[in-house]
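Residue-level structure breakdown
Letter by letter, the chains look like this.
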Amino acid sequence: MTKKPKPAAGDTRTRAQKLMAAVKRGQERRWQTAIHEAGHALARVRFNLYIGNTTIVQDGNILGASSGEESWGTRKCGEIEVLVFCAGYAAVVASGIATTKAIEGCWQDFDEAVRIIEYWGLDPLAAWQQRAVKMMQQPENIRAVELIASKLTEHQMIGPDYLACLVALSDGEVSEKDFSEYLARAKSEYGREPHLI
Ligand SMILES: [Zn+2]
């Protein structure tokens, strides 16, 4: 057990300033989580894989989750799945956050990726991390990740259909008007919040 560090002698911040700094850190962490989960979800969209819900609702130690297809029965599927596992980290790096910070909380993703890499004898993890960063640095992917992350921050959880529509909107495949009409129609047809569909 470690003792709490004494406040630095030069720390003249008021209690309110310290509280505000803590809130800002919390917001930054939530934004990073949203970008990370958006990265996994977008990678599944780009590879035409089945997608499930994407969430930043905290569950114990887990800050967020992106569910969907996880198949690596062939070498090719394995390569894609490794990219999907690296895409959370990669989206955070592509958003301009330092790699040392982006890597926080990614050990589980990387463990899963290494399991597939070892099974199929693929390139080392670092090579896949680089490929995923390159993919997420594509302008259309930066745009889509930002839009998904902002909607995740707003709604906490988004469903697969809504996510696919967000990506289509971000890519310019559908207009703002079409998107609003879709949301209104989805709400009346399904009787559910459209972002959960
Ligand atoms: Zn992840």
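Residues numbered from 1 in each chain as written. Predicted model: local features only at pLDDT ≥ 70, side-chain atom pairs only at ≥ 80, totals over all residues.

**A closer look at the confidence of the model for the protein chain**
Using the following cut-off: Within a predicted model, pLDDT stands for the predictor's per-residue confidence, ranging from 0 to 100. Only DSSP runs of H or I covering at least 4 residues are called helices, and only runs of E covering at least 2 are called strands; the numbering of each starts at the N terminus.
Looking at the protein chain, the pLDDT average stands at 91 and 95% of residues meet or exceed 70. Strand 2 (residues 65-68) is the least confidently modelled element of the protein chain, averaging 84 in pLDDT, while helix 5 (residues 125-136) averages 98, the highest of any element.

**What about the environment of Ala126?**
The criterion, for reference: Neighbour density around each residue's C-beta defines its exposure: 20 or more other C-beta atoms within 10 Å make it buried, 12 or fewer make it exposed, and counts between make it partly exposed, where C-beta atoms are placed from the backbone.
Considering the arrangement of structural elements, one finds Ala126 in helix 5. Assessed through the 9 C-beta atoms surrounding it within 10 Å, Ala126 is described here as exposed. Along the chain, Ala126 and Gln17 lie 109 residues apart, while their C-alpha atoms are 40 Å from each other.

**Thoughts on the packing of helix 1 (residues 15-46) against helix 6 (residues 139-155)**
For clarity, the threshold we go by: Fitting a line to C-alpha atoms yields each axis, with helices limited to the stretch in contact; the angle taken between N-to-C directions then spans 0 to 180 degrees. The cut-offs work like this: below 35 degrees is roughly parallel, past 145 is roughly antiparallel, 65 to 115 is roughly perpendicular, and the gaps in between are oblique. Crossing chirality is assigned from the near helix's rotation relative to the far helix, an anticlockwise turn below a right angle marking it left-handed and a clockwise turn marking it right-handed. Note on contacts: residues are paired as contacts if their backbone-placed C-beta atoms lie within 7 Å. Side-chain classes are defined by residue name, with Ala, Val, Leu, Ile, Met, Phe, Trp, Tyr, Cys and Pro counting as nonpolar, Asp, Glu, Lys and Arg as charged, and the others, Gly among them, as polar.
Axis separation between helix 1 and helix 6 bottoms out at 8 Å; the angle between their running directions is 125°. Regarding the angle of helix 1 to helix 6, the classification is oblique. Where helix 1 crosses over helix 6, the handedness of that crossing is right-handed. Here Arg30, Trp31, Ala34, Ile35, Glu37, Ala38, Gly39, Ala41 and Leu42 of helix 1 come into contact with helix 6, specifically with Asn141, Ala144, Val145, Ile148, Ala149, Leu152 and Thr153. Across the contact of helix 1 with helix 6, the residue classes break down as eleven nonpolar, three polar and two charged.

**Section: the sheet that holds strand 3 (residues 157-158)**
Sheet strands line up and pair through hydrogen bonds in the backbone, either parallel or antiparallel. For the record, the criterion: In this scheme, strands are said to pair when DSSP sees at least two bridges between them.
Pairing is antiparallel across the open sheet formed by three strands, whose spatial order is 2-1-3. Every interior strand has two partners, whereas the edge strands, strand 2 and strand 3, have only one. Bridge analysis of strand 1 (residues 51-55) against strand 2 gives three bridges, and the strand direction is antiparallel. Counted as the bridge partner of Thr54 is Ser66 from strand 2. Sitting on the sheet, helix 7 (residues 160-171) touches strand 1 and strand 3, and the angle it makes with strand 1 is about 85°.

**Section: helix 4 (residues 107-120)**
Stated formally: Take the number of residues in a helix, subtract one, and multiply by 1.5 Å to get its expected span. It is the directions from the helix axis to the C-beta atoms whose arc is reported.
Along its 14 residues, helix 4 runs 20 Å from first to last C-alpha, staying within 8% of the 20 Å computed at 1.5 Å per residue. Every buried residue of helix 4 is listed here: Ala113, Ile116 and Ile117. For helix 4, the buried positions fall inside an angular range of 100° around the axis, keeping them on one side. Exposed and facing more than 90 degrees away from the buried side of helix 4 are Trp107, Gln108, Asp111, Glu118 and Tyr119. Summarising the contacts, the buried residues of helix 4 are in contact with helix 2 (75-94) and helix 5. Once helix 4 finishes, Gly121 follows within two positions and takes phi at roughly 60°, a positive value.

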